[in-house]
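Take a look at the letters that make up each chain.
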Amino acid sequence: MFLYFCLFILLSKSFGEERIKYAAVIYRHGDRTPVDPYPTDPWRNESLWPVRFGELTNIGKMQHYALGKWLRNRYANLLSNQFDPKEVYVRSTDVDRTLMSAQANLAGMFPPTGKGVWDEDLLWQPIPVHTKPERDDELLAMKRNCIAYNKEKEQYLHSKAYKDRLSKYQNLMDYLTTYTGKEIRDYQDMEDIYNNLFIENLYNFTLPNWTHSIFPDKLREPSCYSFSTSTATPLMARLMVGPLLKQIVNKMLDSISNETKSALKLSIYSGHDFTIGNILSAMGFYDGNCPPYTATILMELIYDNSTAGHYVRILYRNSTEIVEPNTLLIPYCGKKCPINRFLKLYDNLISVNWEYECEKKFTSIFGISLLIGLGLFFAIYVVHKIHFARVYKIHRSKFDYVNINNKTNSSKLISPEIEGNL
Amino acid sequence: MEYDNDENTWRRPSSLKLEQTACHTTPRRSTTIAVVVLGLAVLSCLLGYCVLSESLPYESKTLRLVIILFRHGARTPVNSYKSDPFKNYQWPDGLGSLTNAGKLQLYELGKKYRNYYANFIPEEYYEKDVYIKSSDKSRCLMSAYTFLAALYPPSERQLWHPEIPWQPIPVHSLPKHLDDIVAQTKPCKVWKSMYQELLDEKNADPKFAELFDYLSKHTNQSMRSVLDVDFLYSTLLAQQDAGLKLPEWTKNVFPNKMRTPFMLSLALLSYNKTLQRLKVGPILAEIKINLQETVNRANSDRSLFLYSGHDVNVVALWRALGYEELLEPEYGASLVLELHEEVEQDSFFVKLFYRNNTKVEIPMELNMPFCDDPCTYKRFIQHIESLIPADWEAECQN
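In this text the structure is predicted, and so the values were computed from the model without any measurement.

Engineer: Just to check I follow, could you spell out the overall build of chain B for this structure?
Structural biologist: Looking only at helices and strands, one finds twelve helices and eight strands in chain B. Relative to its 398 residues, chain B shows a buried fraction of 51%. Put simply, 74% of the contacts in chain B that link residues at least 6 apart link residues at least 24 apart. Counting every atom, chain B has about 19,300 Å² of accessible surface; 55% of that belongs to carbon and sulfur.

Pasting the structure below:
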């Protein structure tokens, strides 16, 4: 009896009092082929691979299908039994492998049931995946051009701290440059090589001898460090990850203020290791491990009945296998962070006004210079005007005098001169 | 006709002779019957082949590139009207969403094109062969997915899940406010003011006054524009398709009397050359590049381009290609542009086809008014170039 009571308490603690109201899921695509093999790569012949370079493989589709099933299970109570377009919004970067990963994931998440079955022989249903060209996408691809960001990054790359840290890998980079036939200059370059070798190793392709001394151990640390270099300063983090976190937080706030049933329940973002790495590092969670295929960040809005309060919980699945995610410890807030405190903690990210800060900054500089230019022009104009006015006045007084003379006895005065000229 | 005669002559004697049973002559007769039947079978096979070979599969050694623009499948109504008896009807998946029937339509269409182009479109999906763009509207994205599910069922090698004969295929799209290609919804100032002017002018046409009055009275709301009629027509059509019984008053006007203003409303978006330049120019520019790349062998791999859009987009392309007639593209209606190469003559030709819905077996070939038959690639490019703005943003005065 006592046991039952304990069980009941436990159950009510874990299920009864806490309720997920909204969740944002951000995942990396599944297994893929190398994007761009280095020049001396013995495996750079595309025909050796199952699909073209940078494309999702069948393994990758299956990985995401499995993740979709797991997600469905996790959010079984949050979502309706049948797919409801009002509850779920899916967004992907405009790259084949992420678009396809999202579709495979949704196939696992929402197999058609009941009225959703539209073809008896095909247990799949179409679910929209929205996207935006990468060059226009500051939200998920994080590739839209931003002058303020570029400036800040330039400064960071020239900082002593950055240069000192990177110099530790100078020998490694020289070594790589020699053997890969490609100039290796920074963490990102190292990551490209590491990633390439990682995939070839995964596919049991024999790696060249020169790699043995550095792969995977020596190369891993600086390669994975690259995922923190895009959000290295508070301003970089704000401009890089701010728009996405802002959108997610706004959906959470909508969910809190709008108790109606029709509100959005789940946002799904299909991105890259770059996306995952940026979010983790901007929010202070990055542990230095490269995000694996299908790595997933879950941001959940929780309502706690016992305190009648809303909380944010962030989990990270640092694995391609289907394992339970780790609940992350939000700095200065813990595993279950009250929403208001969460908003304050990440205010640097959430308060971003991307369009304004990235684009208007340019126009404001432009505007200021224009204003200064106009002012200068005006000043010169005024000075000239005054000067001219004075000169003109003198001139006119002379002219008037001549005129008066002209009017009175013009023929007498001018004609001798003309005659003289002729 | 000959086929019919054969059948008659065969039937009459056989029925007569069947009455005279239990005879020794029967074996001989049965052989003649067998011969006739066999002959007929062969004949019908030949005849069937002659008829169908034109369509399935499309045998063409000259085909180089195919561009298809289709409308999404059947959807639930997008909006309602004041006196709508079904105002509170619970539409599955909400307003403006693709229905199961709509999914099947596009699936059917995908199958039709798979069979039709069996000798042209490779059986296996290969990302370098095909590029798919869709409007960002869910029903268009979903239509594209189902179309592709039928066009490219996974081969054995591609089967990634033992029980699901489907594979994910990337569909690219642009958000509404950026899309000048498929949905053509990117804002354009000049287009907007010109369209508004034209709309006002058409709405003032006295021939619609009676209809406007009638509709305003019965819908309990102002119906003084062909655009209003357009929305109402689509709503009524979707309700009718869903098996709902439309109110009595609609019988006088729906669909016949409403059809012309409805079609006019679709056409107004791309009514004249200027509107076409601003609406269709960007997609024509893309089509031009695709054709050029194939002709110049710059991108010989990519041989299929798919666009998943709306009825207005089908109408806009149709009008830009020189047709003045009003059009009502049904769900899954598709326009197909084919590029052919006459190797001996060292020249390229463009052909245009249209299917008004997904049931059409053989697409209708159209002769483009600005072009001879066959339409040379050069003449075609010349025509579309006249509709491509050099600087769209500038011409829009955005």
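Engineer: Honestly, the interface of chain B and chain A in this entry has me stumped. Any pointers?
Structural biologist: How large an interface is tends to be reported as the accessible area lost when its parts come together. Each partner contributes to the interface: chain B provides 36 residues, whereas chain A provides 36 residues. Roughly 3,200 Å² is buried in total at the junction of chain B and chain A, and carbon and sulfur atoms are behind 62% of that figure. When the area that chain B buries against chain A is broken down by residue, the three leading residues are B:Y145, B:W160 and B:W166, summing to 20%. Linking chain B with chain A are zero salt bridges. Listed by contribution, the elements that provide at least two residues to the side of chain B that touches chain A are α3 (100-116), α4 (138-151) and β3 (172-173) of chain B. Tallying contributions element by element places α4(B) first for the side of chain B that touches chain A, with six residues. Across the side of chain B that touches chain A, the residue classes break down as 20 nonpolar, nine polar and seven charged.

Engineer: For this particular structure, what's the right way to read a nonpolar patch on the surface?
Structural biologist: Together, A:F377, A:F378, A:Y381, A:V382 and A:I386 make up an exposed nonpolar region whose accessible area comes to about 540 Å². Along the chain, A:I386 falls in helix α13 (residues 354-421).

Engineer: Looking at this structure, I do not really get the side chain of A:H310. What am I missing?
Structural biologist: Residue and element names in this part refer to chain A. One can find H310 in strand β5 (residues 309-317). Looking at H310, its side chain comes within polar contact range of the side chain of K21, at 3.2 Å. Ignoring any residue separated from it by four or fewer positions in sequence, one finds H310 in contact with K21, I256, L301, I302, Y303, C337, P338 and I339.

Engineer: How should I be thinking about the pattern of salt bridges in this particular structure?
Structural biologist: Any two side chains of opposite charge can pair, so long as their charged atoms come close to each other. Residue and element names in this part refer to chain A. This model, assessed by the stated rule, comprises 29 salt bridges over all chains. The shortest N-O distance in the salt bridge between R313 and E300 comes to 3.1 Å. With R313 in strand β5 and E300 in strand β4 (residues 296-304), this residue pair connects regions lying 13 residues apart in the sequence. The two residues R313 and E300 agree in class, both being buried. One network of salt bridges, with partners in common, ties together E18, R74, E300, D304, R313 and K336.

The rules behind each value
Residues numbered from 1 in each chain as written. Chains lettered and ligands numbered in written order. Predicted model: local features only at pLDDT ≥ 70, side-chain atom pairs only at ≥ 80, totals over all residues. Heavy atoms only, no water. Helix = DSSP H or I, 4+ residues; strand = E, 2+ residues; numbered from the N terminus. Buried < 20%, exposed > 50% of the residue type's maximum accessible area, 1.4 Å probe, protein only. Contact = heavy atoms within 4.5 Å. Areas by Shrake-Rupley, 256 points an atom, 1.4 Å probe, with all protein chains shown as cover. Buried area = accessible area lost by both parts, 1.4 Å probe. Salt bridge = Lys/Arg side-chain N within 4 Å of Asp/Glu carboxyl O. Nonpolar A, V, L, I, M, F, W, Y, C, P; charged D, E, K, R; others polar. Patch = residues over 30% accessible without salt bridge, like charges linked within 9 Å, V, L, I, M, F, W, Y side chains within 5 Å. Polar contact = N/O pair within 3.5 Å; in protein donor to acceptor, adjacent residues only side chain to side chain.

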